[in-house]
Amino acid sequence: MQVKAVLLAGGLGTRLHPLTEHLPKPMVPVLGRPWLERLLEDLAKQRVTEAVCALRHEPEAIMDRIGDGESLGLPVRYRIEPAPLGTGGAIRYAAQGIGETFLVFNADVAHQFDLKKLVDFHRERRALVTIGLVALEDVSGYGVVERDDAGRVLRFVEKPEPGEVRSPFVNAGVYVFEPAALEYIPEGREVSVERETFPALLAAGEPVYATVLDGYWSDLGTRERYLRVHRDILAGRWPLPEVGLQPARDRVWQDPSARVHPEAELVPPVWLGPRSVVESGAVVGPWVVLGPGSRIGAGARVQDAVLWEGARVGPGAQLESSVLGRGASVPGGVRCWECLVAPSPATAGR
Ligand code: GDD
Ligand code: MG
């Protein structure tokens, strides 16, 4: 396939605050591992030849962890914007010098699908830009796309008002770009590719196409969506290698270094990461992911929850529909429902 990719990873992630106050959203863990790492590894497997990360917010958190990309199987470069450029400006800035067909990803969206199929579709239609789509029941909060039978885009409306657009297809945040499309992005100011560039390309009659991606796709950017992604993984709807490869006893995936007290109860599906601990009398599950080194205190009850590395739930606490940041702790006896608990200050941003 031999294409390069630009990864948009500079947004503020405000809808997941306080979890992402000091952590770029693409670095949120998916089953205990930063999503961006999983994405880059998948790109390497699908023969993407280089990734350029477009950064702005907390760039070190990404650069320190990912480095030159060698351990993930593809070279990774970084472009840090001197001022906020928006999605369009960031694409233009990061794609400088690529000079051939390239892919663009919103790096805050979890997905896995066949990239070659998307690039083939783009090339067959001689498109200037191709937009990957997913069909959703509720399109609010996304970019909505209308297209003709041949897949040519007729309209792109970013975050339409209810009833404004009649289409179930939303922008997946995955594009194929020809370098010539960059000329439609003015330089030196903030430009939204969704609000400005796509409409400008369409108004100029340029060939913009869209095709539905087949595979897994889900936004990661709110508590509900983040929890849903983990439920999807544990239900087998997104077949991550760990879930397929590691032996699961009745949908309990337990790392060999995890410790569960004989008097604790696991209600499947549950994922117990390395060095996680469940103490006596605790009831954990269903739909729980315990990150590395996290700990559930005696008699606590936890369901529909994701704990990041080193997070702790105190004795007798109750946790439901919640996410605990790195090193976060819920004191004993407390009830947490639909909570996002801030990482501990000592570990924030690591
Ligand atoms: N480098 C850089 N610079 N990246 C940016 C900037 C910027 O100024 N602004 C946003 N980004 C990155 C974000 O980190 C994210 O990965 C991506 O660009 C999209 O921005 P969001 O702020 O997350 O947009 P959204 O989630 O509201 O909507 C977008 O994604 C939807 C799919 O999840 C749009 O592309 C929608 O059309 C789309 O449906
Ligand atoms: Mg987003």
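It should be emphasised that the depicted structure is a prediction, and the values quoted were computed from it without experimental measurement.

Conventions adopted
- Residues numbered from 1 in each chain as written.
- Chains lettered and ligands numbered in written order.
- Predicted model: local features only at pLDDT ≥ 70, side-chain atom pairs only at ≥ 80, totals over all residues.
- Heavy atoms only, no water.
- Phe/Tyr/Trp six-rings, centres within 6.5 Å; stacked < 30°, edge-to-face > 60°.
- Helix = DSSP H or I, 4+ residues; strand = E, 2+ residues; numbered from the N terminus.
- Buried < 20%, exposed > 50% of the residue type's maximum accessible area, 1.4 Å probe, protein only.
- Lys NZ or Arg CZ within 6 Å of the ring centre and 35° of its normal.
- Disulfide = S-S within 2.5 Å.
- Near = heavy atom within 4 Å.
- Polar contact = N/O pair within 3.5 Å; in protein donor to acceptor, adjacent residues only side chain to side chain.
- Areas by Shrake-Rupley, 256 points an atom, 1.4 Å probe, with all protein chains shown as cover.
- UniProt positions renumbered as here; feature names shortened; annotations may be inferred.
- Domains from an automatic or database assignment.
- Contact = heavy atoms within 4.5 Å.
- Buried area = accessible area lost by both parts, 1.4 Å probe.
- Salt bridge = Lys/Arg side-chain N within 4 Å of Asp/Glu carboxyl O.
- Nonpolar A, V, L, I, M, F, W, Y, C, P; charged D, E, K, R; others polar.
- Pairing = 2+ DSSP bridges.

Chemist: Sorry if this is basic, but what is going on with the packing of aromatic side chains here?
Modeler: The way to describe two aromatic rings as a pair is by their centre distance and the angle between their planes. A full pass over the atoms with the stated rule returns 10 aromatic pairs. For the ring pair tryptophan 35 and tryptophan 238, a centre distance of 5.8 Å and an interplane angle of 65 degrees mean the geometry is edge-to-face. Of the two residues, tryptophan 35 is situated in helix α1 (residues 35-45) and tryptophan 238 in the loop between α6 (223-234) and α7 (241-245); the sequence distance between them amounts to 203 residues. You'll find tryptophan 35 and tryptophan 238 in the same group, each marked buried. Lying over the aromatic face of tyrosine 93, arginine 79 brings its terminal NZ or CZ to 4.1 Å of the ring centre. For the cation-ring pair, arginine 147 lies above phenylalanine 169, with the distance from its terminal atom to the ring centre recorded as 4.7 Å.

Chemist: Explanation requested: the state of the cysteines in the structure shown.
Modeler: Disulfides are covalent bonds that link the sulfur atoms of two cysteine residues. With the rule as written, the count across this model stands at zero disulfides. No disulfide involves cysteine 336; its sulfur sits 3.2 Å from that of cysteine 339, the nearest cysteine. Taking the relative accessible area as the measure of exposure, cysteine 336 reaches 9% and is therefore buried.

Chemist: It is not clear to me how the site of ligand 1 should be interpreted in this structure. Could you clarify?
Modeler: Taken together, the neighbourhood of ligand 1 is formed by 26 residues, with Glu81, Glu158, Lys159, Asn171 and Glu194 sitting nearest. Within the contact set of ligand 1, an oxygen atom lies 3.4 Å away from a backbone nitrogen or oxygen of alanine 107. Contact between ligand 1 and aspartate 219: an oxygen atom at 2.8 Å from a side-chain N or O atom of the residue. Expressed as a share of its isolated accessible area of 740 Å², the protein-covered part of ligand 1 is 89%.

Chemist: Got a minute to help me understand the UniProt feature "domain: Nucleotidyl transferase" (unreviewed entry) in the chain in this structure?
Modeler: Here, the residues flagged by UniProt with the feature "domain: Nucleotidyl transferase" (unreviewed entry) are residues 4-234. Within the segment residues 4-234, helix and strand shares are 27% and 29% respectively, and the terminal C-alpha atoms sit 32 Å apart.

Chemist: Would you mind going over the UniProt feature "domain: Mannose-1-phosphate guanyltransferase C-terminal" (unreviewed entry) in the chain with me for this structure?
Modeler: Taking the UniProt record as the reference, the feature "domain: Mannose-1-phosphate guanyltransferase C-terminal" (unreviewed entry) is found at residues 267-338. Taken end to end, residues 267-338 has its terminal C-alpha atoms 20 Å apart, with 0% of it in helix and 46% in strand.

Chemist: What exactly am I supposed to notice about the domain arrangement of the chain here?
Modeler: How big an interface is tends to be reported as the loss of accessible area on association of its parts. The domain architecture assigned to the chain consists of domain 1 (4-221) and domain 2 (224-341). For domain 1 and domain 2, the distance between their C-alpha centroids amounts to 31 Å. On the domain 2 side, the residues contacting the 23 residues of domain 1 number 22 residues. A buried area of about 1900 Å², summed over both sides, lies between domain 1 and domain 2, and 66% of it is on carbon and sulfur atoms. Of all residues in domain 1, the largest losses of buried area upon contact with domain 2 belong to Leu19, Leu31 and Tyr216, amounting jointly to 38% of the total for that side. Put simply, domain 1 and domain 2 have two salt bridges between them. Across the salt bridge formed by glutamate 242 and arginine 38, the nearest N and O atoms sit 2.7 Å from each other. Listing elements by their share of the side of domain 1 that touches domain 2, those giving two or more residues are β2 (29-30), α1, β7 (109-113) and β13 (215-219). Grouping the amino acids of the side of domain 1 that touches domain 2 by side-chain chemistry returns 13 nonpolar, seven polar and three charged.

Chemist: Any chance you could explain the pairing of strand β22 (residues 301-307) here in plain terms?
Modeler: Within β22, five of the seven residues are buried, which leaves it mostly tucked inside the rest of the structure. Pairing between strand β19 (residues 283-284) and β22: two bridges, direction parallel. Residue pairing across strands places valine 283 opposite arginine 301, the latter belonging to β22. Bridging between strand β20 (residues 288-290) and β22 involves three bridges; their strand directions are parallel. From the neighbouring strand, valine 288 faces β22, where its bridge partner is alanine 305. Pairing of β22 with strand β24 (residues 318-324) involves six bridges; the strand directions are parallel. Directly across from arginine 301, in β24, lies its bridge partner glutamine 318.

Chemist: Quick question: what am I supposed to make of unusual backbone geometry here?
Modeler: Note: most residues except glycine have negative phi, and most peptide bonds are trans. Proline 269 follows proline 268 through a cis peptide bond whose omega is 0 degrees. For the bond running from glycine 285 to proline 286, omega is 0 degrees, close enough to zero to count as cis. Checked against the element boundaries, proline 286 lands in the loop between β19 and β20. Although it is not a glycine, arginine 47 sits at a positive phi angle of roughly 70 degrees. Mapped onto the fold, arginine 47 is located in the loop between α1 and β4 (50-55). Notably, arginine 251 is not glycine yet its phi reads approximately 60 degrees, a positive angle.

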